[in-house]
Amino acid sequence: MGLESQPGRRQYVKFTFFKVAPEWRRLDLTTRDQQLAEFQEVVKDWAERNLIRCYSTMGTRGDTDFMIWQVSYDLEDQQRIAGELLGTELGGWLTTPYSYLSMTKNSQYVEKYSGPERDKFTRLNLAPGEHKFLFVYPLTKLRGWYGLSKEERQEAMNQHIAIGHTYSSVKLNTTYSFGLDDQEFVLAFETDEPGDFLDLVQELRGSMSSAYTERDVPIFTCIASTAEDMLAALSRSRARAAV
Amino acid sequence: MGLESQPGRRQYVKFTFFKVAPEWRRLDLTTRDQQLAEFQEVVKDWAERNLIRCYSTMGTRGDTDFMIWQVSYDLEDQQRIAGELLGTELGGWLTTPYSYLSMTKNSQYVEKYSGPERDKFTRLNLAPGEHKFLFVYPLTKLRGWYGLSKEERQEAMNQHIAIGHTYSSVKLNTTYSFGLDDQEFVLAFETDEPGDFLDLVQELRGSMSSAYTERDVPIFTCIASTAEDMLAALSRSRARAAV
Amino acid sequence: MGLESQPGRRQYVKFTFFKVAPEWRRLDLTTRDQQLAEFQEVVKDWAERNLIRCYSTMGTRGDTDFMIWQVSYDLEDQQRIAGELLGTELGGWLTTPYSYLSMTKNSQYVEKYSGPERDKFTRLNLAPGEHKFLFVYPLTKLRGWYGLSKEERQEAMNQHIAIGHTYSSVKLNTTYSFGLDDQEFVLAFETDEPGDFLDLVQELRGSMSSAYTERDVPIFTCIASTAEDMLAALSRSRARAAV
Amino acid sequence: MGLESQPGRRQYVKFTFFKVAPEWRRLDLTTRDQQLAEFQEVVKDWAERNLIRCYSTMGTRGDTDFMIWQVSYDLEDQQRIAGELLGTELGGWLTTPYSYLSMTKNSQYVEKYSGPERDKFTRLNLAPGEHKFLFVYPLTKLRGWYGLSKEERQEAMNQHIAIGHTYSSVKLNTTYSFGLDDQEFVLAFETDEPGDFLDLVQELRGSMSSAYTERDVPIFTCIASTAEDMLAALSRSRARAAV
Amino acid sequence: MGLESQPGRRQYVKFTFFKVAPEWRRLDLTTRDQQLAEFQEVVKDWAERNLIRCYSTMGTRGDTDFMIWQVSYDLEDQQRIAGELLGTELGGWLTTPYSYLSMTKNSQYVEKYSGPERDKFTRLNLAPGEHKFLFVYPLTKLRGWYGLSKEERQEAMNQHIAIGHTYSSVKLNTTYSFGLDDQEFVLAFETDEPGDFLDLVQELRGSMSSAYTERDVPIFTCIASTAEDMLAALSRSRARAAV
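All of these numbers come straight from a predicted model, not from anything done at the bench.

Focus: the interface of chain C and chain A
Inference 1: On the side of chain A, 37 residues touch chain C, which itself brings 37 residues to the contact.
Inference 2: Between chain C and chain A the total buried area reaches about 3400 Å² when both faces are included, carbon and sulfur atoms providing 55% of it.
Inference 3: The interface formed by chain C and chain A contains six salt bridges.
Inference 4: The interface formed by chain C and chain A holds 17 residue pairs in polar contact (both at pLDDT 80 or more) in total.
Inference 5: For the side of chain C that touches chain A, the elements supplying multiple residues, two or more each, are β5 (133-141), α5 (194-204), β9 (220-225) and α7 (238-242) of chain C.
Inference 6: In terms of residue count, α5 of chain C provides more of the side of chain C that touches chain A than any other element does, seven residues in total.

Shown next as C-alpha cells:
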C-alpha cells in the first residue's frame, strides 16, 4: 500500500540511479529475465512499505539506465532496500553512478504549498503524481545568496514562484540535503509535457534567484514506468520488439 | 523513409556517442562482423521511422568511436532505440560516454531561419544536409547573459549571425536542452570544409556573444557515414584494407 | 579495550571509505560469509589496540559502501591496518574511493572545548559518542580567510560556535589535515537526529565563516554499526531478510 | 617517403596518446612481440603516405605510454589509421586517453615564420626536426584575450616571440583546433635540451600573453623514438636488458 | 652506490605513485611473494645507478599504494626504469595513478641553500635525508604571482622562508616542472614529526606567498621504507603478522 502518511513527521527521500555493466548484456536471455524478475520482486515488496516510484533513463542519459525514487520515515530503510536490491543476482552487475539523499522540510518562502493541479500534500509529505515524465537535478546556491537579507531572498523567490505558476502543467517537489549529501536541494519536477518544462527553465534563467546558482547539474530526464517496464527497457531483443 | 514532417510540432533530438570496449577487438573477425551486421539492421530499421544519421569519430576523438543522431516526435522512441541498440550482441561491448538530449524550438532571435544554402526547413523540424562533416558541441552560457536586456542580447546575436553568414559553406542546427540535460543548447554545424569552420569559430571568439560562454566543450568532429561504413571504421584488418 | 588515552599527545585520525566490486556479489553466499567473517576478525583485533568505529553508507551514498574511523598514536598503525584489511580475501574485491588522513590539535579559537552533552574529552583525544549517525566531510577554506585579522576570524568563529550550541543534539569532532592530505580539516558530526543536523547546516550558510568555504564536499551520511552489521548490510538475501 | 608537401594546402594534424592495459603485460613474451611487430608494420606502412613521428612517454607520464604524431591532407586518413592501429591484435589492449586534432594555419601575428634554427617550412606545412624531445600541450586562452584590440594582442605576441627567440635550441610547431576539438591550439616544442625548455616556459610566465591563459595542461614530455623503440619501451625484461 | 654527484649538472627527478589492482590480492601468497621479489630486484639494481628512495602510502592515501622517488642525470633512465618495473610479473597488476616529472634548478630567491639540519647538497643535486616521513605535492601558482615585481616576490619568499626556518625539523626539496609536466613545482618535505609539518603548513596559510597558490593538491603522506618493506606493506596476512 506504500507509505502511510504521518502528518508532521519529516521524510527521508532518496533518488538512486542505476547502471548495468555492458557485460550483463552478454548473458543469455533466460538468465537475464530471471534476474530482472527477482529484482522486480524486491522493488514490489518494498513498494508495500515505502513510497517507491520507478523511472527509466534509457535513451535520455548515457551514464545511467534507471532510477528508483524512494521515500520513508526511517533512514535505515534506505540502507535495507539498497542491500536487498544489490543482494539480488542482478546486483552483481549494477553500479549506482548517481545517488541523492534528502529530507522533506517546510519552506521558509511558501506559507502553504498550493500545487498547480491539486492540493493533496503538505511539504513534509511527498505525494508524486501520475505524470509521464520526471526531471531531477541537485541544486547548490552560491554562498552570496545566503548573504542577502531575508527580504531580498523572499522577493527573488516570489518572482521565481510566479513564473513557475504560469506553467501549470509542471509540479515541483523540493527536498533538502544540507549536510546530508553534496548538494543543498534535490528538485524533482513532474509533467506530461517536456517542452513546457524546457520553456519554464529557459524563462527562469533571467530571474534573480537563478543568478545565485552555483551548480544545477546533472539534469536527468526520467520516464515514469512500472518496475517491470523499467527493467524491460534495459535491453530489447528485436524479435520480442516485433511481437 | 525516415521521419515524416509534422509542421508545428517540436521534435526530440538525441546525439549518442558510442565506444566499443578494447576487449571487443579481441573477438574473432567473423563474430565481430556478425555483431556489426545485427547492429546495422537495428539502425536501418529505425531509419524508416525516425530521422537517423550516422557518423564516425574514429581518428578524431580518443574517447568515442561513433555517433548516432536521432530525431523523433516521441521521447519514448529515444528509449526504445537505446534498448534495441544495446540489446544487440554488440551492445554487450558498448558504452555511451557522451549523450545529449534536446528539443527543437523557435528562436527568439531569428524571425525566420534562412540557411546559407537552402531554406528547406523551419526551426521546429530539423533537416540535416548531405555534408561530409558535422561539428557538435553542448553550450551553456554564463548567467550574466540572461541578465542583459533583450535589446543587448539581440544586438549580440545579430553580430554573431552576421559573422556566421560570411561563412556560407557552414550550416547550423540549433537545439535546446534547458531542464532536459546538463547543457542549455546543442549546436551541430554541417560543412564540407573543416578549415572554414575552424576559421569561423576563431573569428567568433572576438564577438560579444562569445564572451558570455560558460562552457562549449567537448567538441566533436564527426565524419558522415552510412551505418555500414561507420561500423566498418571501428577496426580495419590490413588484409582487407589491401583489397 | 581500544586506545588508551595519552594526555597531551596528538592522535592520527583516519576515515577510510570502502566499496566492494559488483563482481563480489556474484560469489556464492558461503564464500562471501567466510570473507566477511575474516574481515570482521581483523577489525575486532585492531579495535583492541586502536580506537575503531564502524559505519555503513549503504543507501546513503552511491560511491561507497562502508567506512572505518580509526584513531591511533602511531602513523604506522594506519599503514598496518590498511595492509591487514586489504590482505584478507575480501580485500581482493575492495577499493577505497575516499580516504581522509588528519591529526588532532588544540584549537586556536576554543580555549577549552565544552561539548553540548558532556565533557569527557579534550581536543587532543577524540572520544566519539554512541550516536546513531555520523556526518563527515573534508573542509578547505578560501585563502582569503587566512588574510583576515585574528580578531575577525575569532568573531566569525564565535558566531559559528554560537549557532552550533543552539543544536545541542549535535556533537562535533574537528581534526586537522594541513600538509598531510588534500583538505585542511576533516569534520565529523555525531547526532541521533539527521533533521537537526540538516537544519544546523542550513542555518550556518548565512554565517560569516561559511562565506569563506572553498570546498566542503563530498558529504557522507554514515550509519553507526557493529563490524558485523556494517558488513552484513553489503548485501541482504531476501530469504534471510524474511527470517 | 612520408607526406609530399602541397604548398598552400592546410594540413590535418593529430597527436594520439596510447596506453596499454596492465593485463597486456601478463601475456607471454612471444605473443607480445608478435603483436608489437604487427602494430609496427601498420605504423611503417602509413609512414610512407603520411607524416608520422613516434614518441615514448614511458617514465615521463603515468597515464599514457606512447604517442603518434600524424600529419595528412585528408581528414579521413586520420580515421583510417586509427581503425588500422586499433584493428591489430595489440589494439585489443589499447586505450587512447588523450587525443588532439588540429589543422595548420597562417598566423595573424607572424608575417613569415623564421625558426630559431632553420627555415625549412612554412606555417601551412609542418616539418618536424630531428630533436630528441618533444613537449606537447593543448592551449585555450581566456575570452578576455579576444576582447583586446589587435594592437594589444600584437604587442603581447611580439614580447612572447622575442623571449622565445632567446632560446634558439627550442623549435615551436603551432597548430589550430578552434571548433574541431576541445582546445584552441596544440603547441609542440622540439628540443635536445629539456632544461632550456623548462627555463623558457618559466620565463614566459611573466609575459602579458601568459596572463590570458585559461588552460595549458596536460603537458607531455615525449621522447623521440623509432616505431620499434617506442614499442620496445613498453616493457623491458631484465634478461633482455642485461644483453 | 646510487647516483654519483656531478656538480653543476641539473638532475631529472621523478615521483611515481603505484597502485596494485584489487585482483592481484586474489593471487596465492607464493605467487605474490615471487612477484614482489622480482620487482624488488629491479629496484635494487637501479639503486646502484640512480638515486632511488622507496615509500609506502598504504593507510595514508586511498588511491595509491607506494611511491618510488628517482633521480638521474639522463631523462632516458626514467624511461628505462619504468619499462623494467612494468615489465615484471607484478607490472601486469600495476597502475600509476600519479606521476610527477621535474628537474633541479638554482633558485632565484635563495643565494645558497642552507638546510635546517646540514648542508650536504646544492640545489642542483638532491640529497634526501634519512627522515621517517616525506610529504609531496605538486604546486602551481596563480599567474598574478608572475605579474608581481621581482622585489615583491622576493619579499614574499623571504617571509615564507623565515617561517620555514622556525620549523627546523622539516627539510624541503624543491624541484621544477615548467613545461615538462602539469605542475610548476614539485615540493618534497622530509621530517620525523608529521605534527610539526602540519603546523608549518597551517602557519604558512597566512603568508603573502600562499595567497598566490592556484593548486597544491594532491598531498601525499609517504612513509620511508626499504624496497622490501614498501612491498610487504601491500598486504599482510594475519598469520604472518602474528609471527
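What follows continues from the structure just given.
Quick word on the packing of aromatic side chains
Inference 1: Overall, the coordinates contain 85 aromatic pairs over all chains when judged by the stated rule.
Inference 2: Taken together, a centroid distance of 5.1 Å and an interplanar angle of 20 degrees make the contact between phenylalanine 15 of chain E and tryptophan 69 of chain E stacked. Within this pair, whereas phenylalanine 15 of chain E is found in strand β1 (residues 12-20), its partner tryptophan 69 of chain E is found in strand β3 (residues 66-72), the two being separated by 54 residues in sequence. You'll find phenylalanine 15 of chain E and tryptophan 69 of chain E in the same group, each marked buried.
Inference 3: Taking 6.4 Å as the distance between ring centres and 40 degrees as the angle between the ring planes, the aromatic pair formed by tyrosine 55 of chain E and tryptophan 69 of chain E counts as tilted. Within this pair, whereas tyrosine 55 of chain E is found in strand β2 (residues 51-56), its partner tryptophan 69 of chain E is found in strand β3, the two being separated by 14 residues in sequence.
Inference 4: Judged by its relative accessible area of 0%, tryptophan 69 of chain E is buried.
Inference 5: Ring-pair connections join several aromatic residues into one group, and the members of that group are Phe17, Tyr98, Tyr100 and Phe220 of chain A.
Inference 6: Cation over ring: arginine 26 of chain C sits above tryptophan 93 of chain A, and NZ or CZ is 3.8 Å from the ring centre.

A few points about the relation of the copies chain C and chain E
Inference 1: The transformation that overlays chain C on chain E combines an axial shift of 0.0 Å with a rotation of 72 degrees, and the residual RMSD is 0.0 Å. Such a combination of turn and shift is consistent with a five-fold rotation axis. Within chain C, glutamate 23 of chain C has its C-alpha nearest the rotation axis, a separation of 9.4 Å.

Digging into the interface of chain C and chain E
Inference 1: Of the residues lining the interface, 37 residues belong to chain C; the matching set on chain E comes to 37 residues.
Inference 2: Taken together, the two surfaces of chain C and chain E that pack against each other cover about 3400 Å², and 55% of this comes from carbon and sulfur.
Inference 3: By the criterion of area lost to chain E, the three top residues of chain C are Gln79, Arg143 and Phe178 of chain C, representing 21% of everything that side buries.
Inference 4: Applying the counting criterion to the chain C and chain E interface returns six salt bridges.
Inference 5: For arginine 61 of chain E, the salt bridge identified is with aspartate 181 of chain C, shortest N-O distance 3.3 Å.
Inference 6: Viewed at the interface, chain E and chain C are joined by 18 residue pairs in polar contact (both at pLDDT 80 or more).
Inference 7: Contributions of two or more residues to the side of chain C that touches chain E are made by β1 (12-20), α1 (29-47), α2 (75-86), β4 (94-103) and α3 (143-147) of chain C.
Inference 8: The biggest single contributor to the side of chain C that touches chain E is α2 of chain C, with nine residues.
Inference 9: In terms of residue class, the side of chain C that touches chain E is built from 13 nonpolar, twelve polar and twelve charged.

Concerning the packing of helix α4 (residues 150-165) of chain A against helix α5 (residues 194-204) of chain A
The geometry of a pair of packed helices is captured by two quantities: the angle between their axes and the separation between those axes.
All names here are of chain A.
Inference 1: Running from N to C, α4 and α5 cross one another at 155 degrees; their axes reach a closest spacing of 10 Å. Our classification of the angle between α4 and α5 gives roughly antiparallel. Along this stretch, α4 crosses α5, giving a crossing that reads as right-handed. Where α4 approaches α5, its residues His160, Ile163 and Gly164 are matched on the opposing element by Leu200, Glu203 and Leu204.
Inference 2: Per-class residue counts for the contact of α4 with α5 are three nonpolar, two polar and one charged.

Considering the pairing of strand β5 (residues 133-141) of chain E
All names here are of chain E.
Inference 1: Of all nine residues making up β5, nine are buried, and the element is well covered by its neighbours.
Inference 2: Of the two faces of β5, both are covered, the one formed by Phe133, Phe135, Tyr137, Leu139 and Lys141 as well as the one formed by Leu134, Val136, Pro138 and Thr140.
Inference 3: Pairing geometry for β5 and strand β7 (residues 185-191), over seven bridges, is antiparallel. Opposite valine 136, over in β7, you have alanine 188 as the bridge partner.

Concerning the side chain of aspartate 181 of chain C
Inference 1: Among the secondary structure elements, aspartate 181 of chain C is positioned in the loop between β6 (171-176) and β7 (185-191).
Inference 2: Side-chain polar atoms of aspartate 181 of chain C contact the side chain of arginine 61 of chain E, separated by 3.3 Å.
Inference 3: In this view, aspartate 181 of chain C contacts Ser99, Tyr100 and Leu101 of chain C together with Thr60, Arg61 and Ile219 of chain E; residues no more than four positions away in its chain are not counted.

Looking at helix α2 (residues 75-86) of chain A
Residue and element names in this part refer to chain A.
Inference 1: For α2, spanning twelve residues, the distance from its first C-alpha to its last is 17 Å, which sits close to the expected 16 Å at 1.5 Å a residue.
Inference 2: Leu75, Asp77, Gln78, Gln79, Ile81, Ala82, Gly83, Glu84, Leu85 and Leu86 are the residues of α2 that are buried.
Inference 3: Two or three places before glutamate 76, at the opening of α2, aspartate 74 has a side-chain oxygen 2.9 Å from that residue's backbone nitrogen.

Considering the pairing of β2 of chain E
Residues and elements named next belong to chain E.
Inference 1: In terms of burial, β2 is largely enclosed, as five of its six residues are buried.
Inference 2: Pairing between β2 and strand β9 (residues 220-225): three bridges, direction antiparallel. Within the sheet, the bridge partner assigned to cysteine 54 lies in β9 and is serine 225.

Regarding α5 of chain C
Inference 1: Across the eleven residues that make up α5 of chain C, a large majority, nine, are buried.
Inference 2: For α5 of chain C, every residue scored as buried is listed here: Pro194, Gly195, Phe197, Leu198, Asp199, Leu200, Val201, Gln202 and Leu204 of chain C.

What about the environment of threonine 140 of chain B?
Residue and element names in this part refer to chain B.
Inference 1: Tracing the backbone shows threonine 140 in strand β5 (residues 133-141).
Inference 2: Put simply, threonine 140 and arginine 215 are 75 residues apart on the chain and 5.3 Å apart in space, counted from C-alpha to C-alpha.
Inference 3: If near-sequence neighbours (up to four positions away) are discounted, threonine 140 is found in contact with Asp182, Gln183, Glu184, Thr213, Glu214 and Arg215.

Brief notes about the environment of valine 42 of chain D
All names here are of chain D.
Inference 1: Along the polypeptide, valine 42 turns up in helix α1 (residues 29-47).
Inference 2: Classification of valine 42 by relative accessible area gives buried; the value is 0%.
Inference 3: Taking the C-alpha atoms as reference points, valine 42 and glycine 83, separated by 41 residues in sequence, lie 11 Å from one another.

Topic: the pattern of salt bridges
Inference 1: Across all of its chains, the model carries 70 salt bridges over all chains by this definition.
Inference 2: Close ionic contact of aspartate 74 of chain A with arginine 80 of chain A constitutes a salt bridge, the shortest N to O distance being 3.6 Å.
Inference 3: Aspartate 74 of chain A gets classed as partly exposed once you look at its relative accessible area, which sits at 30%.
Inference 4: Across the pair aspartate 216 of chain A and arginine 143 of chain B runs a salt bridge, and its minimum N-O distance is 3.0 Å. Of the two residues, aspartate 216 of chain A sits in the loop between β8 (213-215) and β9 (220-225) while arginine 143 of chain B sits in helix α3 (residues 143-147), which places them in two different chains. Considered together, aspartate 216 of chain A and arginine 143 of chain B belong to a single accessibility category, that of buried residues.
Inference 5: One network of salt bridges, with partners in common, ties together Arg61 and Asp63 of chain A together with Asp181 and Asp182 of chain B.

Considerations on the side chain of arginine 205 of chain A
Inference 1: Following the sequence through the fold, arginine 205 of chain A ends up in the loop between α5 and β8.
Inference 2: Residue contacts for arginine 205 of chain A: discarding those within four places in its chain leaves Ser210 and Asp216 of chain A together with Arg143, Tyr146, Phe178 and Glu184 of chain B.

Section: the arrangement of the chains
Inference 1: Regarding chain B and chain C, the two do not touch, and the least distance separating their C-alpha atoms is 16 Å.
Inference 2: The two units chain C and chain D are non-contacting; their minimal C-alpha-C-alpha distance is 16 Å.

Focus: the confidence of the model for chain A
Inference 1: For chain A, the mean per-residue pLDDT works out to 92, and 92% of the residues sit at or above 70.
Inference 2: Across the interfaces of the predicted complex, the ipTM metric reaches 0.93, alongside a pTM of 0.95.

A closer look at the packing of α1 of chain D against helix α2 (residues 75-86) of chain D
Residues and elements named next belong to chain D.
Inference 1: Where α1 contacts α2, the axes come no closer than 10 Å and their chain directions differ by 160 degrees. Here α1 lies roughly antiparallel to α2, going by the angle between them. Note that α1 runs across α2; the crossing there is right-handed. The residues of α2 that touch α1, namely those facing Phe39, Val42, Val43 and Trp46, are Asp77, Arg80, Ile81, Glu84 and Leu85.
Inference 2: Residue composition of the contact of α1 with α2, by class: six nonpolar, no polar and three charged.

Reading guide: rules and limits
Residues numbered from 1 in each chain as written. Chains lettered and ligands numbered in written order. Predicted model: local features only at pLDDT ≥ 70, side-chain atom pairs only at ≥ 80, totals over all residues. Heavy atoms only, no water. Contact = heavy atoms within 4.5 Å. Buried area = accessible area lost by both parts, 1.4 Å probe. Salt bridge = Lys/Arg side-chain N within 4 Å of Asp/Glu carboxyl O. Polar contact = N/O pair within 3.5 Å; in protein donor to acceptor, adjacent residues only side chain to side chain. Helix = DSSP H or I, 4+ residues; strand = E, 2+ residues; numbered from the N terminus. Phe/Tyr/Trp six-rings, centres within 6.5 Å; stacked < 30°, edge-to-face > 60°. Buried < 20%, exposed > 50% of the residue type's maximum accessible area, 1.4 Å probe, protein only. Lys NZ or Arg CZ within 6 Å of the ring centre and 35° of its normal. Least-squares fit on C-alpha atoms with pLDDT ≥ 70 in both. Nonpolar A, V, L, I, M, F, W, Y, C, P; charged D, E, K, R; others polar. Axes fitted to C-alpha atoms, helices over the stretch in contact; angles between N-to-C directions. Parallel < 35°, antiparallel > 145°, perpendicular 65-115°, else oblique. Left-handed = near helix turned anticlockwise from the far one by under 90°. Pairing = 2+ DSSP bridges. Expected span 1.5 Å × (residues − 1). pLDDT = per-residue confidence, 0-100.

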